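Residue-level listing of the chains:
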Amino acid sequence: MQAAFEYFIAILVSDAYLAKLLTHIGLDDSLIGIIASFISAAFLFQLTAVFCVQRIKNVKRTVIFFNILGCLLFSGLYLIPFLPGSVAFKSVLVIVCLLLAYFGNYFVASMLFKWANSFVDPRKRGEYSAAKEMISLLSGMVFTLIVGMVIDRFEALDRLTAGFLFIACAGLILSVCCLICLLMVKGDVKKAEAETAPAETAAPRHTMRQVLANTLGNRSFVNVVILMSLWNIAQYLTVGFLGTFKTTDLLLSVGSIQLINIGSNLVRFCISKPFGRYSDKTSYARGMQLAMVISALGFFANVFTTKSTWWFIIIYTVLHNASFAGTNQNSYNILYSYVDADYFVEAMAIKNSIAGVIGFAASLVGAKILSAVQHNGNVLFGIPLYGQQLLSLLSCIMVLICIVFLRRVIDKQAVMKQ
């Protein structure tokens, strides 16, 4: 339930909703794409967990405080249009709120993941992750449809700011729901065992040298970091710029976009369980490999999306979202295969931070490419072309590189059973 409520909040600060808010404030397309990609750079905040996790005495209390702080700040984004001030002031405020919100969420993300997964049978992690995603997706479809219809209604009445107020209130309610769910989860199992164990058997704190030796000193883990960095390049080179592409260039309404998202999430819902079982039966790497093939096909389809062939965005969205059934949770679970569980939190923080910064750098490159194509009248070498079409082609190539790296390197590494 907590994952579902948090997913709802994530929906409210992504894609068409965030694009609509930033466009209303007065930002241009390239800056909107960069801001939409902050989630990638925000993973850098997880590095702070590497230095702090050993000093945290109450994991549950820490996770709740920072997680709920992030949720509330995300909700507060939609109150910014009501504030007085220039476009520059509001732009800075949006960036500050996003950075602080992502810090709250990602500082404790790896701790929350390990804490929650400590209650899961190691042989069923893939299937459990799939079930958790299915619940979020199914309820998220209904949530997305309702919110999309409400925003479209307010916009038709020329009262878009009232729609922003509705989203802010919805975010506040969801934040309270997240808080209740986290309060109901038991405390950290391993920490409770350590507190009741004899002093001589209690696990010592990890020194920074031990952390580095068991993470960046572990070749298998480094290869996973390389894989996720390549994957983030593929994602953030394009995805952050598609929100305005749908609403501004393809002239799709928020309601239409959300209907497409609902349909694609329904496909993801149907294949999540098979993907989870396939990953448990083979390996998390194999599950990711199959999903990336689907992702590459999605980006390739988007290369052909124009005003006259707008329906290609449907094919892209379906395939792109379907691929998450195999990449989303497996990108976390794969660490169980190559990193000692005692260093899981630090490993996840390092992986997400490095891959996140590289992904954000890719979004900056994507912004430059998009701006260059738009300033040239959406023409490249004499060929009419939207910048997002070119970015999709580059993302497709990057995903293919990921697939080759998975097959030639990751798939051949020894897998740890823990």
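What this report covers is the structure whose coordinates are included nearby. All figures in this text were calculated on a predicted structure; none of them were measured in a lab.

Here Ser-392 shows up in helix H21 (residues 387-408). Among all residues touching Ser-392, those that are not within four sequence positions of it are Thr-238, Phe-299, Asn-302 and Val-303.

A grouping of Phe-51, Met-208, Leu-212, Leu-216, Ile-354 and Ile-358 is seen on the molecular surface, where their side chains present a nonpolar patch of about 490 Å² in accessible area. Listed by contribution, the elements that provide at least two residues to the nonpolar patch are helix H12 (208-214) and helix H20 (344-375). Inspection of the secondary structure puts Met-208 in helix H12. According to the relative accessible area criterion, Met-208 is partly exposed, its value standing at 34%.

This structure, assessed with the given rule, holds six salt bridges. With its nearest N and O atoms 3.1 Å apart, the salt bridge here joins Lys-20 to Glu-155. Residue Lys-20 is located in helix H2 (residues 15-25), and its partner Glu-155 is located in helix H9 (residues 125-156); the two are separated by 135 residues in the primary sequence. Look at Glu-155 and you get partly exposed, because its relative accessible area is 32%.

Looking now at the packing of helix H6 (residues 59-76) against helix H8 (residues 109-117). Here H6 crosses H8 at 130°, and the two axes come no closer than 10 Å. One element, H6, and the other, H8, form an angle in the oblique class. For the pair H6 and H8, the crossing hand works out as left-handed. Residue-level contacts link Val-59, Lys-60, Val-63 and Asn-67 of H6 to Met-111, Leu-112 and Trp-115 of H8. Classifying every residue of the contact of H6 with H8 by side-chain character gives five nonpolar, one polar and one charged.

With that settled, the discussion passes to unusual backbone geometry. Leaving glycine aside, a negative phi is the common case for residues, and trans is the common case for peptide bonds. For Asp-158, which is not a glycine, the phi torsion comes out positive at approximately 60°. Mapped onto the elements of the fold, Asp-158 is located in the loop between H9 and helix H10 (160-184). Residue class for Asp-158 comes out exposed when judged on its relative accessible area of 70%.

Once that is clear, we can look at the environment of Cys-178. Positionally, Cys-178 belongs in helix H10. In this structure Cys-178 comes out as buried when scored by relative accessible area, which is 0%. Counting along the chain gives 200 residues from Cys-178 to Asn-378, while the straight-line C-alpha distance between them is 44 Å. In this structure Cys-178 touches Gln-2, Phe-5, Glu-6, Ile-68 and Cys-71, once residues within four positions along its chain are discounted.

The next thing to look at is the nonpolar core. Among the nonpolar cores identified, the biggest contains 51 residues, and Tyr-17, Phe-74, Leu-77, Tyr-78, Val-94 and Met-111 are the most heavily contacted of them. Elements supplying a minimum of two residues to this core: helix H1 (2-12), H2, helix H3 (29-36), H6, helix H7 (87-107), H8, H9 and H10. With nine residues, H10 is the single largest residue contributor to this core. The next biggest cluster of nonpolar side chains, apart from the first, holds 48 residues, and it includes Ala-16, Ile-257, Ala-296 and Met-348.

Next up on the list: the side chain of Gln-235. Inspection of the secondary structure puts Gln-235 in helix H13 (residues 219-236). In contact with Gln-235, not counting residues within four places along its chain, are Ser-295, Phe-299, His-320 and Phe-324.

Applying the stated criterion across every chain yields a total of 18 aromatic pairs. Between Phe-66 and Phe-103, the aromatic rings sit 6.1 Å apart at their centres with planes inclined by 85°, giving edge-to-face as the arrangement. Taken together, the positions of Phe-66 in helix H6 and Phe-103 in helix H7 put the pair 37 residues apart, joining distant regions of the chain. Looking at Phe-103, the relative accessible area reads 25%, which means it is partly exposed. An aromatic cluster is built from Phe-5, Tyr-7, Phe-8 and Phe-143, whose rings are joined through pairwise contacts. Between the NZ or CZ atom of Lys-351 and the centre of the ring of Tyr-332, over which it lies, the distance is 5.2 Å.

All right, on to the packing of H6 against H10 then. Packing of H6 against H10 leaves a shortest axis separation of 8 Å and a crossing angle of 170°. Taken together, H6 and H10 sit at an angle that is classed as roughly antiparallel. Across from Lys-60, Ile-64, Asn-67, Ile-68, Cys-71, Leu-72 and Ser-75 in H6, the residues of H10 making contact are Ala-168, Gly-171, Leu-172, Ser-175, Cys-178, Leu-179, Leu-182 and Leu-183. Of the residues that constitute the contact of H6 with H10, the class distribution is 10 nonpolar, four polar and one charged.

What counts as what
Residues numbered from 1 in each chain as written. Predicted model: local features only at pLDDT ≥ 70, side-chain atom pairs only at ≥ 80, totals over all residues. Heavy atoms only, no water. Helix = DSSP H or I, 4+ residues; strand = E, 2+ residues; numbered from the N terminus. Contact = heavy atoms within 4.5 Å. Patch = residues over 30% accessible without salt bridge, like charges linked within 9 Å, V, L, I, M, F, W, Y side chains within 5 Å. Areas by Shrake-Rupley, 256 points an atom, 1.4 Å probe, with all protein chains shown as cover. Salt bridge = Lys/Arg side-chain N within 4 Å of Asp/Glu carboxyl O. Buried < 20%, exposed > 50% of the residue type's maximum accessible area, 1.4 Å probe, protein only. Axes fitted to C-alpha atoms, helices over the stretch in contact; angles between N-to-C directions. Parallel < 35°, antiparallel > 145°, perpendicular 65-115°, else oblique. Left-handed = near helix turned anticlockwise from the far one by under 90°. Nonpolar A, V, L, I, M, F, W, Y, C, P; charged D, E, K, R; others polar. Core = buried A, V, L, I, M, F, W, Y, C linked by side-chain atoms within 4.5 Å. Phe/Tyr/Trp six-rings, centres within 6.5 Å; stacked < 30°, edge-to-face > 60°. Lys NZ or Arg CZ within 6 Å of the ring centre and 35° of its normal.

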